[in-house]
Amino acid sequence: MSSSVATQPSPPSPTTDPVRVQRSLISRALSRPEVGALAAAIAIFIFFFAIAPPFRTFAALSTVLYASSTIGIVAVGVALLMIGGEFDLSAGVAVTTAALASAMFSYQFSLNVWAGAVISLVIALTVGFVNGYLVMRTGIPSFLITLSSFFVLQGLNLGLTKLVTGTVATNDVSGLDGFASARAFFAGDINLGFMTVKITVLWWIVFVLVGTWILLRTRVGNWIFASGGNSASARAVGVPVPKVKIGLFMGVAFLAWFLGMHLLFNFNTVQSGLGVGNEFIYIIAAVVGGALLTGGYGSAAGSALGAFIFGMTTQGIVYAGWDPNWFKTFLGAMLLLAVLVNLYVKNYASQRK
């Protein structure tokens, strides 16, 4: 007598690879933080190219790139800091602080300008460390901590410069030892044959590449995104959030110092009231480039596109013969539009995962 045996379906092999849905090229492109800024940069370039004949020259392009680089250098650090979930409202005056410190130490103590630059770098990094440490130690929002730093540095810039030099500007440092090499390094010109550009454009590209490599190719980059996305969860999985954020504040301070050295060696002297308001320009460049105010999202390349848009707009308005007083209106509208576009792109990317 035979009995029938029911055949059970065999369970799926544990070695079977999960089915992956291949995303389209358009879907992958739209998930990038800087896609909105790239589209805006292309549109603005075509617009000014069409309506402003002077904008079409290589000399105009050189001017646009220079204006963009002086914003973009610090904007790289600000973008990384924003991805990490923090703000630095002292970045604008920190640039001036670095330049003033370098100039006054070099001139008043008859030092080689490179020695003054190194002393200034130590001061800048200390300011960045203090900002980051206070944010992590007290839990006070970075907006308030760095706003306090903004006022402290602004007062020191004005008060100490007047006390040391008797005026609102530093002495001319062009006659000091090491000036020629420092000028070549921080403020030299590069002849490309068809046009001449400031060396700050080259340094800007270098800093963007370094920032992109850190974010996309290193463990620190993962830590930055995790710290900005959800710091509590990041801590739970072993991310050293305090060290990451303090390091980001010091990164902004380093880039502010670098731009300060450019200003000093490009103009030989520095006005103590410079830099006020530039911190918002750096943040705008980062936001236009795809960084979210809530943290955890953005890119270094996007900050470069945001800075380039700023450079094109400031110079394009002049080349078009428009009243430059309208620039702030355009800037505000561009910021609002960028925030809306970035939010849409982020939500779209989240739904397509």
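Bear in mind the structure is a predicted one, so any value in this text is a computation, not a measurement.

Reading guide: rules and limits
- Residues numbered from 1 in each chain as written.
- Predicted model: local features only at pLDDT ≥ 70, side-chain atom pairs only at ≥ 80, totals over all residues.
- Heavy atoms only, no water.
- Phe/Tyr/Trp six-rings, centres within 6.5 Å; stacked < 30°, edge-to-face > 60°.
- Helix = DSSP H or I, 4+ residues; strand = E, 2+ residues; numbered from the N terminus.
- Lys NZ or Arg CZ within 6 Å of the ring centre and 35° of its normal.
- Axes fitted to C-alpha atoms, helices over the stretch in contact; angles between N-to-C directions.
- Parallel < 35°, antiparallel > 145°, perpendicular 65-115°, else oblique.
- Contact = heavy atoms within 4.5 Å.
- Nonpolar A, V, L, I, M, F, W, Y, C, P; charged D, E, K, R; others polar.
- Buried < 20%, exposed > 50% of the residue type's maximum accessible area, 1.4 Å probe, protein only.
- Arc of directions from axis to C-beta.
- Salt bridge = Lys/Arg side-chain N within 4 Å of Asp/Glu carboxyl O.
- Patch = residues over 30% accessible without salt bridge, like charges linked within 9 Å, V, L, I, M, F, W, Y side chains within 5 Å.
- Areas by Shrake-Rupley, 256 points an atom, 1.4 Å probe, with all protein chains shown as cover.
- Core = buried A, V, L, I, M, F, W, Y, C linked by side-chain atoms within 4.5 Å.
- Expected span 1.5 Å × (residues − 1).
- Left-handed = near helix turned anticlockwise from the far one by under 90°.
- Polar contact = N/O pair within 3.5 Å; in protein donor to acceptor, adjacent residues only side chain to side chain.

Participant: So what exactly am I meant to see when it comes to the packing of aromatic side chains here?
Facilitator: A full pass over the atoms with the stated rule returns 26 aromatic pairs. Between Phe48 and Trp322 the ring centres are 5.9 Å apart and the planes differ by 50 degrees, which places this aromatic pair in the tilted class. Of the two residues, Phe48 sits in helix α2 (residues 35-51) while Trp322 sits in the loop between α13 (300-319) and α14 (327-352), which places them 274 residues apart along the sequence. Each ring, one from Trp114 and one from Phe186, has its centre 5.7 Å from the other, and the planes form 40 degrees; the classification is tilted. Of this pair, Trp114 sits in helix α5 (residues 113-138) while Phe186 is found in helix α7 (residues 179-187), placing the two residues 72 residues apart along the sequence. A cation sits over an aromatic face here: Arg56 above Phe49, 5.7 Å from the ring centre.

Participant: Can you walk me through the packing of helix α8 (residues 199-217) against α13 in this structure?
Facilitator: For any two helices packed against each other, one specifies the inter-axial angle together with the distance between the axes. At their nearest, the axes of α8 and α13 sit 8 Å apart, and the two run at 150 degrees to each other. With respect to their mutual orientation, α8 and α13 come out roughly antiparallel. In contact with Trp204, Val208, Gly211, Thr212 and Leu215 of α8, α13 contributes Ala300, Ala301, Ala304, Ala307 and Phe308. Counted by class, the contact of α8 with α13 contains eight nonpolar, two polar and no charged residues.

Participant: Can you help me understand α7 in this one?
Facilitator: A turn of α-helix holds 3.6 residues, and therefore any two residues three or four places apart point the same way. Listed as buried for α7 are Phe179, Ala182, Phe186 and Ala187. Seen from one end, α7 has its buried residues packed into an arc of 85 degrees, which puts them on one side. Taken together, the buried residues of α7 touch α5, β1 (189-191), β2 (196-198), α8 and α11 (241-267).

Participant: Would you explain the pattern of salt bridges in this entry?
Facilitator: Side-chain pairing between opposite charges can occur once the charged atoms of the two side chains come close. Counted by the stated rule, this structure contains two salt bridges. Between Lys245 and Glu86 there is a salt bridge; the shortest N-O distance is 2.8 Å. On the criterion of sequence distance, the pair formed by Lys245 in helix α11 and Glu86 in the loop between α3 (58-83) and α4 (91-108) is long-range, its members being 159 residues apart. Each of the two residues, Lys245 as well as Glu86, counts as buried. Asp189 is the salt-bridge partner of Lys198, the closest N and O atoms lying 3.3 Å from each other. On the accessibility criterion, Lys198 (16% relative accessible area) is buried. Taking relative accessible area as the criterion, Asp189 reaches 56% and is therefore assigned exposed.

Participant: Could you clarify how one ought to interpret a nonpolar patch on the surface in this entry?
Facilitator: Taken together, the side chains of Leu38, Ile42, Phe45, Ile46 and Phe49 present a nonpolar region at the surface, about 450 Å² in accessible area. Within the secondary structure, Phe45 is located in helix α2.

Participant: Sorry, what's going on with the environment of Ala285 here?
Facilitator: By the secondary structure assignment, Ala285 is in helix α12 (residues 278-288). Separated by 50 residues in the primary sequence, Ala285 and Leu335 place their C-alpha atoms 8.7 Å from one another. Not counting chain neighbours up to four residues away, the residues in contact with Ala285 comprise Ile71, Ala75, Gly302, Ser303, Gly306 and Ala307.

Participant: Which parts of the structure should I look at to understand the nonpolar core?
Facilitator: Within soluble globular proteins, side chains that are nonpolar generally end up buried alongside one another. Val78, Trp257, Phe265 and Tyr282 are the most contacted members of the largest nonpolar core, which totals 89 residues. The contacts of Trp257, once residues within four sequence positions are left out, are Ala98, Ala117, Ser120, Leu121, Ala124 and Phe186.

Participant: What should I look at first to understand helix α6 (residues 142-165) in this one?
Facilitator: Between the first and last C-alpha of α6 there are 33 Å, a value that for 24 residues agrees with the 34 Å anticipated at 1.5 Å per step. Within α6, burial applies to Ser142, Ile145, Thr146, Ser149, Phe150, Leu153, Asn157, Thr161 and Thr165. Against the buried residues of α6 lie α4, α5, α11 and α12. Once α6 ends, the next one or two residues include Gly166, with phi positive near 80 degrees.

Participant: How should I be thinking about the packing of α5 against α6 in this particular structure?
Facilitator: Where α5 contacts α6, the two axes come as close as 9 Å, and the packing angle between them is 145 degrees. Crossing handedness for the pair α5 and α6: right-handed. Of the residues in α6, those touching α5 at Val127, Asn131, Leu134, Val135 and Thr138 are Ser142, Ile145, Thr146, Ser149 and Leu153. Grouping the constituent residues of the contact of α5 with α6 by class yields five nonpolar, five polar and no charged.

Participant: What exactly am I supposed to notice about the side chain of Ser272 here?
Facilitator: Along the chain, Ser272 falls in the loop between α11 and α12. Within the structure, the side chain of Ser272 is placed 2.8 Å from the backbone oxygen of Val168, a separation counted as a polar contact. Look past the residues within four positions of Ser272 in its chain and what remains in contact with it is Thr96, Leu100, Asn157, Leu158, Thr161 and Val168.

Participant: How do you make sense of the side chain of Thr314 when you look at a structure like this?
Facilitator: With respect to the helices, strands and loops of the structure, Thr314 is situated in helix α13. A relative accessible area of 19% places Thr314 in the buried class. Engagement of the side chain of Thr314 in a polar contact is seen with the backbone oxygen of Gly311, the distance being 3.0 Å.

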